[in-house]
Amino acid sequence: MTAHAPAAPHPGPSAPEELLTVPQGMARLQLGRSTVYDLLRTRQLASITLGRSHRIPAHALADFIRTRLDQEAA
């Protein structure tokens, strides 16, 4: 009898983007509130605004860190 490999799972819709609050971004970056708001204001850290609330896409933190590392390496 021939064994069959299990079928690959069907690719579902892409996972929704994780949106972080400013306090969550502060914790992940280990930075203070005013520093994070300055990064948002100067668009060094990407965010979206929902009403009066800022939400930081999780990938934006990785992009920010990568950009800073590249700048310091240059």
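Residues numbered from 1 in each chain as written. Predicted model: local features only at pLDDT ≥ 70, side-chain atom pairs only at ≥ 80, totals over all residues. Heavy atoms only, no water.

On to the pairing of strand β3 (residues 53-57), then. Here 2 bridges tie strand β1 (residues 19-20) to β3, and the two strands are oriented antiparallel to one another. Opposite L19, over in β3, you have P57 as the bridge partner. Summarising the sheet, strand β2 (residues 48-50) and β3 pair through 3 bridges and their orientation is antiparallel. Residue pairing across strands places T49 opposite H54, the latter belonging to β3. Between the antiparallel neighbours β2 and β3 lie 2 residues, among them G51 with a positive phi of about 65°. (Pairing = 2+ DSSP bridges. Helix = DSSP H or I, 4+ residues; strand = E, 2+ residues; numbered from the N terminus.)

The next point concerns the nonpolar core. A general feature of soluble globular proteins is that nonpolar side chains tend to end up buried together. L20, V22, L29, V36, L39, L40, L45, I56, A60, L61 and F64 form the largest nonpolar core, which has 11 residues in total. L40 has contacts with V22, L45, A46, S47, H54 and I56, leaving out every residue within four places of it along the chain. (Core = buried A, V, L, I, M, F, W, Y, C linked by side-chain atoms within 4.5 Å. Buried < 20%, exposed > 50% of the residue type's maximum accessible area, 1.4 Å probe, protein only. Contact = heavy atoms within 4.5 Å.)

A few words now on helix α1 (residues 22-29). Burial in α1 covers these residues: V22, G25 and L29. All buried residues of α1 project into a common sector of 60° when viewed along the axis, lining one side. Turned more than 90 degrees from where α1 packs its buried face, P23 and A27 sit exposed. Lining the buried residues of α1 we find β1, α2 (33-41), β3 and α3 (58-73). Positioned one or two residues after α1, Q30 has a phi angle of 55°, which is positive. (Arc of directions from axis to C-beta.)

Turning our eyes to something else, we now look at the environment of V36. For V36, the position within the fold is in helix α2. On the accessibility criterion, V36 (0% relative accessible area) is buried. Separated by 14 residues in the primary sequence, V36 and V22 place their C-alpha atoms 7.3 Å from one another. In this structure, V36 is in contact with V22, M26, L31, L45 and I56, ignoring residues within four places of it in sequence.

A turn of α-helix holds 3.6 residues, and therefore any two residues three or four places apart point the same way. Within α2, the full set of buried residues consists of V36, L39 and L40. Across the axial projection of α2, the buried residues extend over an arc of 100°, all falling on one side. Residues of α2 that are exposed and point over 90 degrees away from its buried face: S34 and R41. Where the residues of α2 are buried, they touch α1, β3 and α3.

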